[in-house]
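# Residue-level structural notes
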Amino acid sequence: MSLVELVPAPWTSSAVVSQTKTILQKCGMKPVVLKKEVLGFIQPRLQYALLGEALRLVDDGVISPEDADIAVQYGLAGRWSFMGPFQTIDLNAPGGVQDYCSRYLDGIYKVLDTQDNGQRIKPDTINEINAWQRSLYTVEDIPRMGEWRDQRLLALNKHQKEQQAVDNKYWHPKL
């Protein structure tokens, strides 16, 4: 993964942050600068938001673990492998972000209001998810499957770098 989270201390000069970001970019990394410290950093927090909802959907009997994985793998993950959530909504309404929010924010709030971030997942749900994963491969296979994941991530990273010329054709290559 090429993402690096920079978390400067309040007394870190902006010049040091800027120089560090430039060095990391020259190394092929994608640095993001946090404006302040936050528990869990950014990448895990975003992951936990999606994971929390997937856990609740299985826990509430809405979807199976298999179908939750399929929904992410063949839905959001494809799109999110080359654009983030804000660019996604910008391109999903003719007038961009403002248009998207004016059309869909009330519906988003209705869904968000049903999400209980304080919900504790039942042990039976964890057992169900584990059973699904163990039907795919054994615990002993996890190191081998970790290698598979790493190879897929390396291939995706290579693909993203190769696609930079396509990106440059359509928009500013800053991202």
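One structure accompanies this document, and this report is about it. (Residues numbered from 1 in each chain as written. Predicted model: local features only at pLDDT ≥ 70, side-chain atom pairs only at ≥ 80, totals over all residues. Heavy atoms only, no water.)

## Brief notes about the pairing of strand E1 (residues 3-6)
Here is the rule we go by: Between buried and exposed lies partly exposed: a residue is buried under 20% and exposed over 50% of the maximum accessible area for its type, with that area taken using a 1.4 Å probe on protein chains only. We count a stretch as a helix when DSSP gives it H or I for four or more residues in a row; a strand needs E for two or more, and each element gets its number in order from the N terminus. Think of it this way: DSSP has to see at least two bridges between two strands before they count as a pair. Clockwise travel from the first strand over the helix to the second, with the strands pointing away from the viewer, marks a crossover as right-handed.
Across the two faces of E1 the burial differs, with Val4 and Leu6 buried and Leu3 and Glu5 not buried at all. Pairing of E1 with strand E2 (residues 30-33), which is carried by four bridges, proceeds in the parallel orientation. When the sheet's bridge partners are listed, valine 4 is paired in E2 with proline 31. As for the winding sense of the linkage, the β-α-β connection from E1 through helix H1 (residues 14-26) to E2 is right-handed.

## Quick notes on the pattern of salt bridges
Convention followed: Within this document, salt bridges are pairs made up of a side-chain nitrogen of Lys or Arg and a carboxyl oxygen of Asp or Glu, the two lying within 4 Å of each other.
The final tally for this structure, using the stated rule, is six salt bridges. Notably, a salt bridge pairs lysine 122 with aspartate 59, separated by 3.4 Å at the nearest N-O pair. A residue pair is termed long-range when its members are at least 10 positions apart, and lysine 122 in the loop between helix H5 (96-114) and helix H6 (123-136) and aspartate 59 in helix H2 (residues 42-59) qualify at 63 residues. Here aspartate 59 falls in the buried class, since its relative accessible area comes to 8%. The salt bridge partner of arginine 149 is aspartate 150, with a shortest N-O separation of 2.9 Å. On the basis of relative accessible area, aspartate 150 is assigned to the partly exposed category, the value being 35%.

## A word on a nonpolar patch on the surface
This is how it is decided: Residues with no salt bridge and a relative accessible area higher than 30% make up the patches, which join like charges within 9 Å and nonpolar side chains (Val, Leu, Ile, Met, Phe, Trp, Tyr) within 5 Å. Each accessible area is a Shrake-Rupley result for a 1.4 Å probe, and residues are judged covered by the shown protein chains and nothing else.
On the surface, a cluster of nonpolar side chains totalling about 230 Å² of accessible area is made up of Val38, Ile42 and Leu46. In this fold, valine 38 is placed in the loop between E2 and H2.

## Focus: the packing of helix H3 (residues 65-80) against H6
Between two packed helices, the angle of one axis relative to the other and the distance separating the axes together describe the packing. Formally: To get an axis, a line is fitted to the C-alpha atoms, and for a helix only the part in contact is used. The angle between two axes follows their N-to-C directions and goes from 0 to 180 degrees. Here is the rule for angles: anything less than 35 degrees is roughly parallel, anything more than 145 is roughly antiparallel, 65 through 115 is roughly perpendicular, and the remaining ranges are oblique. Note on definitions: a residue-residue contact is assigned when non-hydrogen atoms from the two residues lie within 4.5 Å. We call Asp, Glu, Lys and Arg charged. Ala, Val, Leu, Ile, Met, Phe, Trp, Tyr, Cys and Pro are nonpolar, and the rest, Gly among them, are polar.
Following both chains from N to C, one finds H3 and H6 inclined at 70°, their axes separated by 9 Å at the closest point. Between H3 and H6, the crossing angle belongs to the class labelled roughly perpendicular. Residue-level contacts link Pro65, Glu66 and Asp69 of H3 to Glu128, Ile129, Trp132 and Gln133 of H6. A breakdown of the residues in the contact of H3 with H6 according to their chemical character gives three nonpolar, one polar and three charged.

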